[in-house]
Every structure is written in C-alpha cells, then in structure tokens.
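One letter stands for each residue in the lines below.
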Amino acid sequence: MKHAICKLSDLAEDSNKAFTLEGRSVLLCRTSAGVFAVENRCTHQLASLEGGKMRGVHLFCPKHGARFDLRTGVPNGMTKIPVPTYPVSLKDEVIEIELS
C-alpha cells in the first residue's frame, strides 16, 4: 500500500525526517542522489537513525556511525544486518512510500 507522506519541497535536500506508518517508524531521506525511505532503526544497537548525516547514498547512524546504503539498506562496518528499505515514488510532487 502506498502512503502519501509530504511534498518534495517540505523535505530539504540533505535532511531526513521520521514518520509513523502502519505502526512502523520510517525515515524519509533526501540527498543529492534522490529520496529514499528506510526503517528508522539502526541494526547495530537499535538506535533511531533520524538526524544521521547523509553523504550521497549513505546514511550514518547518529549514535555510533554505522553506515547504510540508502538504496539497499546494506551496512558497511559495525553491523552485518541490513536496514529495511521501502520504495519511494513522486506523484505530483508528493512523496509516496510503499510498505509491503
């Protein structure tokens, strides 16, 4: 099911914001490489990823610096467990996230 989240203009480039969808905390991330959605929970120590720095297609956990590829959820470093990712689309400048 697709969920309309916010307008693209409401999420500044190089920022991220968490939303609760169907009881899950989902982090919406906008970088120079695009808009991505991941579960808002680091698989290293279960900390929130909201507020983590982003570089290109990578998100860094604000607590311990674990790095995740926003496209695939694949980690590099402290954990071997990927973070779940969700498909993102734009419809009339509105960001939509699809939860499976």
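Residues numbered from 1 in each chain as written. Predicted model: local features only at pLDDT ≥ 70, side-chain atom pairs only at ≥ 80, totals over all residues. Heavy atoms only, no water.

Novice: Could you clarify how one ought to interpret the pattern of salt bridges in this entry?
Specialist: Where side chains of opposite charge bring their charged atoms close, a pairing between them can arise. Applying the stated criterion to the full structure yields three salt bridges. Residue R41 is joined to E39 by a salt bridge in which the shortest nitrogen-to-oxygen separation is 2.8 Å. Relative accessible area serves as the criterion here: at 36%, R41 is assigned to the partly exposed category. Given the relative accessible area of 16%, E39 is considered buried. (Salt bridge = Lys/Arg side-chain N within 4 Å of Asp/Glu carboxyl O. Buried < 20%, exposed > 50% of the residue type's maximum accessible area, 1.4 Å probe, protein only.)

Novice: Is there a simple way to explain the sheet that holds strand β8 (residues 75–76) in this structure?
Specialist: Spatially, four strands are ordered β5-β6-β7-β8 in an open sheet, and the strand pairing comes out antiparallel. At either end of the open sheet lies a strand with only one pairing partner, and these are β5 (54–55) and β8. Here two bridges tie strand β7 (residues 67–69) to β8, and the two strands are oriented antiparallel to one another. In the strand pairing of β8, R67 is matched with N76. (Pairing = 2+ DSSP bridges. Helix = DSSP H or I, 4+ residues; strand = E, 2+ residues; numbered from the N terminus.)

Novice: I tried to follow the sheet that holds strand β3 (residues 24–31) on my own but got confused; where do I start?
Specialist: The strands that make up a sheet pair up through hydrogen bonds in the backbone, lying either parallel or antiparallel. If you walk across this open sheet you meet the four strands as β2-β3-β4-β9, and the pairing is antiparallel. Looking at the sheet topology across the chains shown, the edges are occupied by β2 (15–21) and β9 (85–86). Bridge count for β2 against β3 is seven bridges, and the pairing is antiparallel. Paired with N16 across the bridge in β3 is C29.

Novice: Can you help me understand unusual backbone geometry in this one?
Specialist: Positioned with a positive phi, L46 is a non-glycine residue whose angle comes to about 60°. Inspection of the secondary structure puts L46 in the loop between β4 (34–39) and β5. L46 gets classed as exposed once you look at its relative accessible area, which sits at 55%. In the Ramachandran plot, E93 falls in the positive-phi region, its phi being about 70° despite a non-glycine side chain. Within the secondary structure layout, E93 lies in the loop between β10 (88–91) and β11 (94–98).

Novice: Even after reading the chapter, I still don't get the side chain of T31, so can you show me in this structure?
Specialist: Note on placement: T31 falls in strand β3. Among the residues examined, T31 registers a relative accessible area of 3% and is labelled buried. A distance of 2.8 Å separates a polar side-chain atom of T31 from the backbone oxygen of G56. Residues within four places of T31 in sequence aside, it is in contact with E13, D14, F36, M54, G56 and L70. (Polar contact = N/O pair within 3.5 Å; in protein donor to acceptor, adjacent residues only side chain to side chain. Contact = heavy atoms within 4.5 Å.)

Keep in mind these values describe shape, not function.
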